[in-house]
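Examining the three-dimensional arrangement
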Amino acid sequence: MSILDRRAIMVDPGVLKNSGHYDAIIVGSGVAGAIIANELAQAGKRVLIVEAATETDRSFKGYSSYLQHFYGQADKDNQSPFPVNRNADMPRSGQLRKLDPLEINSTSYIVQSGPYVTDTVYTRAFGGTTIHWEAKTPRMLPQDFQMQTLFGQGKDWPIRYHDLEVDYELAEREIGVSANVEDQQYLDITFRSSYVYPMHGLPLSYLDQRVAAQIDGSEVELYGERYPLRVRPFPQGRNAIPNQKYDGGKGYQPVGAVASHQIDVGGRCQGNTNCVPICPVQAKYHAGKTLAKAFDTGRVDLLSQAVASRVVIDSASGRVTGIETKLYHDPASPDHHTIMITGTLYVLAGNAIETPRLMLASGLRSSSGLMGCNLMDHAYLLNWALMPQICGTMRGTTCTGGIVELRGGAFRRHQATFSVDIHNDGWGWATGSPASDVVELVDAGNKFGADLRQAIIDRVSRQLLLAFMIEVLPSESNRVSVNPSYTDLLGNMRPVVSFTVPDYTLRGAAYARQFAKTVFARLGAEDHTKYDPSDYGFVTYEGEPFAIRGGNHLAGTHVMGTDKATSVVDTNQRCWDHDNLYLVGAGSMPTIGTANVTLTLAAMAFRSARNMIMQLGRLHAPVQT
Amino acid sequence: MTTHDITSIGLLHRQLFKAMQLEHATAPPYISALYSIHPGDNADAAQILRAVAVEEMLHLTIAANVMNAVGGTVDFTVAGFVPSYPTVLPDGEHDFEVGLGPFGKDALETYLKIERPAMAPRGQARHVQIKGGARHFISHPHDQTLRYYSIGEFYAAIRDGIVYLESEAKAKGKTIFTGDRAKQATAEYYYSGGGRLWPVFDVDSACRAIDLVIEQGEGELKQIFGAEGEIAHYYRFDQLQKGRYYQIGDQPGQPTGREIHVNWEAVWPIAVNLKLNKIPEKSELHAAVADFNKAYREFLAFLTRAFNGEPKLLLEAVPRMFEFRNRMQQLIRNPLPGGDCNAAPTYEI
Amino acid sequence: MSVSRRLETFVAFSAEVTAFTPTEVWGTGLTQRYLDTVDGVVGTAMTDALLNAFDRITTQSAGERTAKLRQTVFGCEQLGPVARAVVKLWYIGTWYALPAAWQERFGPAAQDGTFVPTPDAYVEGLLWSAIGAHPPGAKAQGFGSWQFPPGIPKF
């Protein structure tokens with residue numbers, strides 16, 4: 001049983017000055033901040049977490065209120081469980097529209113400066129975007145770390161797969177990953193001998209199996225090389241059957257729902273098919289689970305409704321002397337007061353948009369000039385079809401399996417790789433199914449009664465959506481910036497995003513479309529894919545139309561490297577310019593390959609936490625508590 | 001009378017059967033009450049009922065594991081395994097009955113009686129004289145005039161019996177743990193209710209399993225929280241009566257945690273201890289209730305297979321239980337003709 | 001129509017146009033709430049007109065009822081959009097705003113708009129049981145259930 005009857009020590013801002021000295025101030029309660037808070041606290045350090053959002057979902061009651069809110073919304077977009085909080089606003093896809101050339105749309109939280117309009121989102125809530133994430137947790141491929149050396153594209157990482165391997169294992173433990181090593185040993189991915197994941201892999205959906213029945217064992221050819229196809233299960237950060245062989249035979253105890261009193265749910269995934277935007281039973285990992293452990297040490301304090309607004313630097317030493325923070329009292333009112341928060345180390349753990357936004361709003365562009373540059377996100381291309389037989393779509397986790405054999409290969413000299421998700425939730429992402437299907441069948445199809453019921457079965461239960469997650473390489477002109485003309489209600493500058501989908505990615509997209517057609521042909525599936533020119537994500541490549549969706553896998557904006565001139569942070573995610581400031585998260589990643597970024601950024605958080613503990617050890621003896 | 005209540009393997013099997021019968025018997029009342037609560041309302045009450053119900057299912061699994069370990073037979077399909085509600089369970093008062101009905105103040109009183117903490121220290125003091133002629137599930141194994149004061153004491157006697165019988169067997173170079181290990185249900189197959197399920201194959205694993213049941217249920221020594229910090233059923237329900245959660249360090253009867261608001265009205269008015277013959281025959285509703293009972297009977301047969309060498313079937317049992325949830329909710333929202341009450345499963349197996 | 005007869009007729013109409021049984025319709029727990037929703041948007045007089053139109057054909061055979069429903073309810077300029085909104089409400093749990101043309105001619109229906117009458121409405125949408133699935137985020141089918149073929153109910 002996951003007894004997480006933990007008490008976060010809520011800090012009364014009025015007494016913050018008297019609360020003693022903090023070894024670390026962490027801005028953001030998402031997965032990176034949570035792991036670092038917990039690691040530092042377990043090592044005896046005192047930590048303050050500064051969170052812009054309310055702490056609504058820290059309690060089970062609060063978490064459940066998100067769920068009720070979700071049920072009650074007619075428009076169930078991927079942020080629909082989370083009520084609007086204009087003091088700590090977040091991007092919402094419903095606010096977007098296509099831009100005219102040179103037009104800027106500042107009506108959405110992220111100011112879209114184009115030309116491409118991204119519907120990427122992140123969630124400003126207690127626990128960060130892990131409250132919303134799908135929890136797919138593949139590792140990056142070893143070749144992803146050497147893109148420049150091996151393929152003459154993008155950047156090399158300053159570290160290699162091997163340097164992160166043990167931290168990947170730590171991240172897989174913390175998140176609670178369910179997968180089978182034998183399914184995940186493909187391309188050049190390796191595991192340490194005798195390693196097993198904490199829990200056994202989740203079974204493939206019936207839909208996956210129907211796809212596999214027709215394509216497993218078939219091949220595609222690309223630039224003269226043949227690639228075998230197979231539907232493979234994805235590793236997932238949600239609870240399944242614990243593997244008794246884990247941890248040298250000690251096994252693994254899944255962590256269920258976090259609550260301020262005892263409940264008993266979330267020990268195992270129930271198949272709610274709602275990983276995004278919210279798992280109703282908390283079988284999916286969210287950072288609140290790590291935070292509960294951190295709070296339990298008694299050494300971690302939480303300051304919520306606290307929006308970090310400026311990083312203050314001592315100009316002589318470059319060291320951070322404090323973080324100016326705006327405290328609001330009510331999400332419905334911009335009334336606030338401003339305080340200065342101080343500690344020994346400072347950790348910005350926002351995300352690859354919020355962290356550089358705060359740095360740039362503080363006038364800190366990095367000596368490399370790269371703060372906010374190299375913004376990356378996976379580009380998604382959706383392809384949808386009707387299977388020839390009933391597949392029972394709309395059941396499972398959001399996605400259990402996919403085609404990953406083209407995540408790597410020699411073709412990367414020419415075009416982007418992709419990983420293909422088989423969506424268990426049908427065409428929803430592309431068309432608003434199945435509600436849109438019912439509306440169409442009733443209003444345009446003039447169906448009711450038995451005709452309608454049968455038509456719904458035929459239309460929905462056969463749906464197949466292949467989502468191609470396509471690699472995007474770093475490009476300095478794809479970036480987050482700030483502009484004093486665009487501020488939020490508290491007067492903080494909002495992020496301005498300028499983005500062009502690179503040709504390298506679009507070549508991958510063009511091949512992805514061909515690939516989808518090939519797969520549909522092998523399945524005998526009816527292709528219904530259509531890209532609407534009025535779509536805000538509409539782009540063309542060599543005359544061919546595509547609608548590209550954002551992937552919510554933001555990265556690259558405070559890039560990690562080997563020197564101060566060409567990177568923002570070192571291999572421990574510490575700023576070259578400010579030796580007591582860490583910028584953690586996917587913003588440090590030089591490239592993202594075709595791995596959803598959370599597992600890798602979680603692994604890097606363990607690496608950074610170790611370095612922080614060493615640095616604190618050098619600076620002063622631990623505070624006695 | 002000997003010091004030990006359970007003096008033969010036959011008696012042990014009989015008491016373990018009663019244990020399974022008892023654990024199962026509490027589930028339909030708790031689950032009926034749980035689904036009588038309007039969704040979205042009374043989240044606290046619903047979570048507490050749910051947590052208790054899934055732990056009762058864990059306890060049923062544990063009792064079956066112990067039964068299999070000591071060479072007994074697990075069979076949920078035998079006549080009389082499912083009681084006819086209302087039914088008698090052990091308690092300090094001989095006329096106390098458990099039934100099927102909606103969540104409410106009276107129901108809560110009953111739950112507190114079911115989960116009442118043990119009072120007796122050890123041995124014979126566990127027994128209470130039976131007054132009147134009621135038949136009890138948890139009567140004394142060989143003295144029909146005695147029964148146990150609480151479920152905790154009933155289990156304590158089983159634990160003592162196992163220790164006693166095994167030491168006797170060992171003295172003769174034998175063991176009472178003659179069961180097939182392949183029949184044990186372990187944590188891979190059943191995960192709710194704490195997920196603490198281990199194979200039973202000796203005195204230690206058996207006693208630990210029984211202690212867990214006692215601790216999760218009634219809290220043998222009037223402890224609110226068990227050794228691993230888990231709150232006992234009695235105190236879970238007590239929170240609803242007191243309108244406040246317990247937290248670590250609280251004294252019994254004086255919870256100091258977050259306030260609980262119970263909306264006693266936000267409940268479907270299901271008929272108390274409904275019987276199929278009270279629903280007009282040939283009505284759609286009659287057929288639906290009969291169907292439910294039939295499906296439940298098949299489910300018990302399925303579970304019986306699971307505990308007889310096919311533990312993997314427990315994985316498939318979970319989706320079936322989720323389907324029962326949907327069917328129960330559907331029945332509970334259907335008005336009975338001519339009355340102010342709603343239908344519900346009747347569990348006439 | 002009496003209050004209880006009105007609700008019964010609404011349930012019978014709902015069962016007819018969704019192809020779910022009255023027990024299943026009652027089983028959502030939303031019958032009264034949905035009748036109130038329709039009353040709230042189009043007014044009781046128009047709801048009565050809809051129910052009366054259905055009531056007149058209940059004794060006919062299934063095939064005749066469907067034909068009549070097309071002619072007198074779904075094909076009716078006034079009642080058709082309301083009936084379609086009721087079907088969508090049962091299947092999806094959302095009341096979809098009536099067409100602008102309907103509003104101009106038969107409105108104003110002050111409470112019209114696209115909305116979810118109560119969070120349970122989403123959870124109880126008939127669409128999900130029709131396809132042997134469950135509403136995303138509720139009524140999960142249990143660990144591993146997704147690996148088996150769907151149990152699409154016969155009707």
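Residues numbered from 1 in each chain as written. Chains lettered and ligands numbered in written order. Predicted model: local features only at pLDDT ≥ 70, side-chain atom pairs only at ≥ 80, totals over all residues.

Each helix and strand in chain B was counted, giving eight helices and four strands. Going from N to C terminus, chain B has its helices and strands arranged as α-α-β-β-α-β-β-α-α-α-α-α. Each of the 349 residues in chain B was classed as buried or not, and the buried ones make up 50%. Contacts in chain B between residues far apart in sequence, at least 24 positions, make up 68% of those at least 6 positions apart. (Helix = DSSP H or I, 4+ residues; strand = E, 2+ residues; numbered from the N terminus. Buried ≥ 20, exposed ≤ 12 C-beta atoms within 10 Å, placed from the backbone. Contact = placed C-beta atoms within 7 Å.)

Below, the discussion takes up the overall build of chain A. When its secondary structure is counted, chain A shows 14 helices and 22 strands. For a compact globule of 625 residues, the expected C-alpha radius of gyration is about 25 Å, and chain A comes in at 23 Å, within 12% of that figure. When each of the 625 residues of chain A is scored for burial, the buried share is 60%. In chain A, of all internal contacts separated by at least 6 residues, the share reaching a separation of at least 24 is 73%. (Rg over C-alpha atoms; globule rule 2.2 N^0.38 Å.)

Attention shifts here to helix α4 (residues 161–175) of chain A. Residue and element names in this part refer to chain A. Maximal helix bending in α4 amounts to about 30°, located at Asp167. Against α1 (31–42), α8 (287–296) and α14 (597–619) lie the buried residues of α4. Backbone geometry just after α4 places Gly176 at a positive phi near 75°. (Bend = angle between axes of the 7 residues up to and from the residue.)

Take the sheet that holds strand β9 (residues 306–313) of chain A next. Strands in a sheet are paired, the pairing made by backbone hydrogen bonds, and the direction either parallel or antiparallel. All names here are of chain A. Here we have three strands laid out as an open sheet, ordered β9-β10-β11, and antiparallel in their pairing. Strands with a single pairing partner mark the edges of an open sheet, and in this sheet they are β9 and β11 (333–341). In this sheet, neighbouring strand axes are inclined to one another by 20° on average, regardless of whether the strands run parallel or antiparallel. Sheet topology note: the strand β10 (residues 320–330)/β11 ladder contains seven bridges and is antiparallel. Bridge pairing in β11 links Asp330 to Ser333. (Pairing = 2+ DSSP bridges. Axes fitted to C-alpha atoms, helices over the stretch in contact; angles between N-to-C directions.)

The subject of this paragraph is helix α2 (residues 60–72) of chain A. The end-to-end C-alpha separation of α2(A) is 18 Å, in line with the 18 Å expected for 13 residues at 1.5 Å each. Packing partners of the buried residues in α2(A) comprise α8 (119–123) of chain C. (Expected span 1.5 Å × (residues − 1).)

Note on soluble globular proteins: their nonpolar side chains tend to be buried together. Grouped together as the largest cluster of nonpolar side chains are 337 residues, with contacts concentrated most on Ile25(A), Ile26(A), Ile36(A), Ala37(A), Val347(A) and Val66(B). The biggest single contributor to this core is helix α2 (residues 43–69) of chain B, with 17 residues. What Ile26(A) contacts, discounting residues up to four positions off in sequence, is Gly33(A), Ile36(A), Ala37(A), Val47(A), Ile49(A), Val50(A), Val347(A) and Ala349(A). (Core = buried A, V, L, I, M, F, W, Y, C linked by C-beta atoms within 7 Å.)

To continue, consider the interface of chain C and chain A. Opposite the 39 residues of chain C that make contact, chain A presents 43 residues. Of all elements in the fold, only α1 (3–18), α5 (62–74), α6 (79–92), α8 and α9 (126–130) of chain C reach the threshold of two or more residues within the side of chain C that touches chain A. Of the residues forming the side of chain C that touches chain A, the biggest block, five residues, is contributed by α6(C). Its residues placed into classes, the side of chain C that touches chain A shows 26 nonpolar, 10 polar and three charged. (Nonpolar A, V, L, I, M, F, W, Y, C, P; charged D, E, K, R; others polar.)

As a further point, take the confidence of the model for chain A. Within chain A, residue pLDDT values average 94, and 95% of them lie at 70 or more. In this model, residues 1–9 of chain A is a region of pLDDT below 50 whose contacts with residues beyond four sequence positions or in other chains number 28 contacts. (pLDDT = per-residue confidence, 0-100.)

Another aspect to go through is the sheet that holds strand β18 (residues 496–499) of chain A. All names here are of chain A. An order of β4-β18-β17 is seen for the three strands of this open sheet, with the pairing classed as mixed. Unpaired on one side and paired on the other, β4 (111–115) and β17 (479–481) mark the two borders of the sheet. Each neighbouring strand pair of the sheet contributes to a mean axis angle of 20°, computed without reference to strand direction. The sheet contact formed by β17 and β18 spans three bridges and is antiparallel. Directly across from Val480, in β18, lies its bridge partner Val497.

All names here are of chain A. The buried count for strand β14 (residues 399–403) comes to five of five residues, which makes it a mostly enclosed element. With two bridges connecting them, strand β7 (residues 232–233) and β14 associate as antiparallel partners. From the neighbouring strand, Arg232 faces β14, where its bridge partner is Gly402. Where β14 lies against strand β15 (residues 418–423), four bridges are found, and the strand directions are antiparallel. Across the sheet, the residue bridging to Gly402 is Asp421, located in β15.

All names here are of chain B. Where α2 contacts helix α5 (residues 203–217), the two axes come as close as 10 Å, and the packing angle between them is 155°. Here α2 lies roughly antiparallel to α5, going by the angle between them. Pair α2 / α5 crosses with left-handed handedness. Contacts from Glu55, His59, Ile62, Asn65, Val66 and Ala69 of α2 reach α5 at Ala206, Ala209, Ile210, Leu212, Val213 and Gln216. (Parallel < 35°, antiparallel > 145°, perpendicular 65-115°, else oblique. Left-handed = near helix turned anticlockwise from the far one by under 90°.)

Residue and element names in this part refer to chain B. Viewed as axis vectors pointing N to C, helix α4 (residues 151–171) and α5 meet at an angle of 175°, and their least axial separation amounts to 9 Å. Viewed along their axes, α4 and α5 adopt a mutual orientation that is roughly antiparallel. Taking contact as the criterion, the partners of Ile151, Gly152, Tyr155, Ala156, Ile158, Arg159, Ile162, Val163 and Glu166 in α4 are, on α5, Val203, Ala206, Cys207, Ile210, Val213, Ile214 and Gly217.

Residues and elements named next belong to chain C. Residue position: Phe10 is located in helix α1. Note on Phe10: 23 C-beta atoms within 10 Å, which makes it buried. Along the chain, Phe10 and Gly137 lie 127 residues apart, while their C-alpha atoms are 29 Å from each other. If near-sequence neighbours (up to four positions away) are discounted, Phe10 is found in contact with Thr31, Leu35 and Leu51.

Of note, the bond from Val276(A) into Pro277(A) is cis; its omega dihedral lies within 30 degrees of zero at 5°. In this structure, Pro277(A) sits in the loop between α7 (246–249) and α8. Note that the residue after Tyr85(B), namely Pro86(B), is joined by a cis bond; omega there is 0°. Checked against the element boundaries, Pro86(B) lands in the loop between α2 and β1 (87–88). Unlike most non-glycine residues, Asn273(B) shows phi in positive territory, near 45°. Structurally, the position occupied by Asn273(B) is in the loop between α6 (233–242) and α7 (284–306). Residue Ala19(C) is not a glycine yet carries a positive backbone phi of 65°.

Moving on: the confidence of the model for chain B. Residue and element names in this part refer to chain B. With 86% of its residues at a pLDDT of 70 or more, chain B shows a mean pLDDT of 86. Of all the helices and strands in chain B, strand β3 (residues 127–129) carries the lowest mean pLDDT, 62, while α7 carries the highest, 96. At the level of chain-chain contacts, confidence expressed as ipTM amounts to 0.98, with global pTM at 0.94.

Quick look at the environment of Lys183(B) now. All names here are of chain B. By secondary structure assignment, the location of Lys183 is in the loop between α4 and α5. Residues Lys183 and Asn65, spaced 118 residues apart in sequence, show a C-alpha to C-alpha distance of 7.6 Å. Filtering out sequence-adjacent residues up to four positions away, Lys183 remains in contact with Asn68, Phe307, Asn308 and Gly309.

Let us now look at the environment of Ser65(A). In this fold, Ser65(A) is placed in helix α2. Sequence separation of Ser65(A) and Pro81(A) is 16 residues, and the distance between their C-alpha atoms is 8.3 Å.

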